[in-house]
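Summary of structural features
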Amino acid sequence: MKIALIGYGKMGKMIEQIALSRGHEIVSIIEVDNVHDFDSPEFASADVAIEFTAPQAAYGNFLKAFDKGVKVVSGSTGWMKDHGDDVRRMCGEEGHTLFWASNFSIGVAIFSAVNRYLAKMMNGFGQYDVEMEEVHHIHKLDHPSGTAITLAEEITARLDRKDGWTVGTVTNPDGTVEGTKDTPADKLRIDSIRRGEVPGIHSISYDSEADRITITHDAHSRKGFALGAVLAAEYTKDHSGLLTISDMFDF
């Protein structure tokens with residue numbers, strides 16, 4: 001398969017290594033200083049472009065790829081609120097293809113399925129309150145993480161006593177803490193911690209007077225995310241429309 005990379009940071013380089021090891025060809029690498037390569041024949045020859053950039057750049061990258069008839073796999077977050085409707089229309093009415101996920105890790109896909117099942121089960125046990133904590137490296141500027149938001153939305157869709165999520169405390173790399181743990185009873189609180197080079201830890205806890213139930217996903221490295229992105233590209237090559245992890249894994 002011919003793959004184009006949009007974004008060539010740590011994740012992009014790891015995706016390149018894994019794609020090459022699986023027999024694929026990298027035909028184009030686009031960074032901030034060579035965006036004109038979107039118009040190159042090499043980019044247009046790609047079966048799929050894998051995009052990991054910033055929220056403010058992602059939507060424009062989709063448009064450029066769609067204009068060249070190139071399918072996109074993206075792990076960029078933060079663009080859905082402003083551009084989600086347009087992307088759904090383009091993938092529905094205009095025939096373009098985007099595979100989007102806030103997290104491509106196979107382990108997170110399994111964890112997400114467990115999260116959905118547990119939330120459905122806990123809907124019948126109102127004595128348990130639920131909260132979430134996510135930990136990431138100091139270079140991650142947004143909080144909560146896109147993965148945390150996705151997990152929270154899965155919970156609130158299945159838990160009648162919660163009608164949304166809210167930001168709780170944010171522990172900064174210097175140890176200072178912002179925000180509060182005092183949140184409305186009908187909101188799921190997400191606390192964020194930024195420290196060291198942590199790839200990502202997400203913990204969801206159901207707490208009652210009697211006991212506490214916690215499920216956790218702890219990523220050891222970015223390799224799981226990169227492998228998942230390449231697997232998504234392989235899946236996307238032969239599928240179309242607006243795709244996500246639940247299409248690729250039938251949990």
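Conventions used here
- Residues numbered from 1 in each chain as written.
- Predicted model: local features only at pLDDT ≥ 70, side-chain atom pairs only at ≥ 80, totals over all residues.
- Heavy atoms only, no water.
- Axes fitted to C-alpha atoms, helices over the stretch in contact; angles between N-to-C directions.
- Helix = DSSP H or I, 4+ residues; strand = E, 2+ residues; numbered from the N terminus.
- Parallel < 35°, antiparallel > 145°, perpendicular 65-115°, else oblique.
- Left-handed = near helix turned anticlockwise from the far one by under 90°.
- Contact = heavy atoms within 4.5 Å.
- Nonpolar A, V, L, I, M, F, W, Y, C, P; charged D, E, K, R; others polar.
- Core = buried A, V, L, I, M, F, W, Y, C linked by side-chain atoms within 4.5 Å.
- Buried < 20%, exposed > 50% of the residue type's maximum accessible area, 1.4 Å probe, protein only.
- Patch = residues over 30% accessible without salt bridge, like charges linked within 9 Å, V, L, I, M, F, W, Y side chains within 5 Å.
- Areas by Shrake-Rupley, 256 points an atom, 1.4 Å probe, with all protein chains shown as cover.
- Salt bridge = Lys/Arg side-chain N within 4 Å of Asp/Glu carboxyl O.

1. Concerning the packing of helix H5 (residues 106-122) against helix H6 (residues 146-156)
Relative orientation of the contacting elements H5 and H6 amounts to 30°, with a least axis distance of 8 Å. Comparing the axis directions of H5 and H6 gives the class roughly parallel. When the axes of H5 and H6 are compared, the crossing they make is right-handed. Side by side, H5 and H6 meet where Val 108, Phe 111, Ser 112, Asn 115, Arg 116 and Ala 119 of the first sit next to Thr 147, Leu 151, Glu 154 and Ile 155 of the second. Counted by class, the contact of H5 with H6 contains five nonpolar, three polar and two charged residues.

2. A closer look at the environment of His 83
With respect to the element layout, His 83 can be found in helix H4 (residues 80-92). Taking C-alpha positions, His 83 is 15 Å from Lys 64, a pair spaced 19 residues apart along the chain.

3. Re the nonpolar core
In this structure, Ile 15, Ile 50, Val 73, Phe 99, Phe 104, Ile 245 and Met 248 are the most contacted members of the largest nonpolar core, which totals 28 residues. Sorting elements by how many residues they give to this core places helix H7 (residues 223-237) first, with eight residues. If we skip the residues at most four places from it in the chain, Ile 50 touches Ile 3, Ala 4, Leu 5, Ile 6, Ile 15, Val 73, Ala 229, Val 230 and Ala 233. Within the second largest apolar cluster, 21 residues are counted, among which are Ala 58, Val 70, Val 87 and Leu 98.

4. Looking at the environment of Met 122
Positionally, Met 122 belongs in helix H5. Considered as a pair, Met 122 and Ala 109 are 13 residues apart in the sequence and their alpha carbons are 20 Å apart. Setting aside residues up to four positions removed in sequence, Met 122 forms contacts with Tyr 128, Leu 159, Arg 161, Tyr 206 and Ile 213.

5. Regarding a nonpolar patch on the surface
A cluster of nonpolar side chains, contributed by Ile 106, Ile 110, Val 114 and Phe 251, occupies part of the molecular surface with about 340 Å² of accessible area. Note on placement: Val 114 falls in helix H5.

Purely geometric numbers; function is a separate question.
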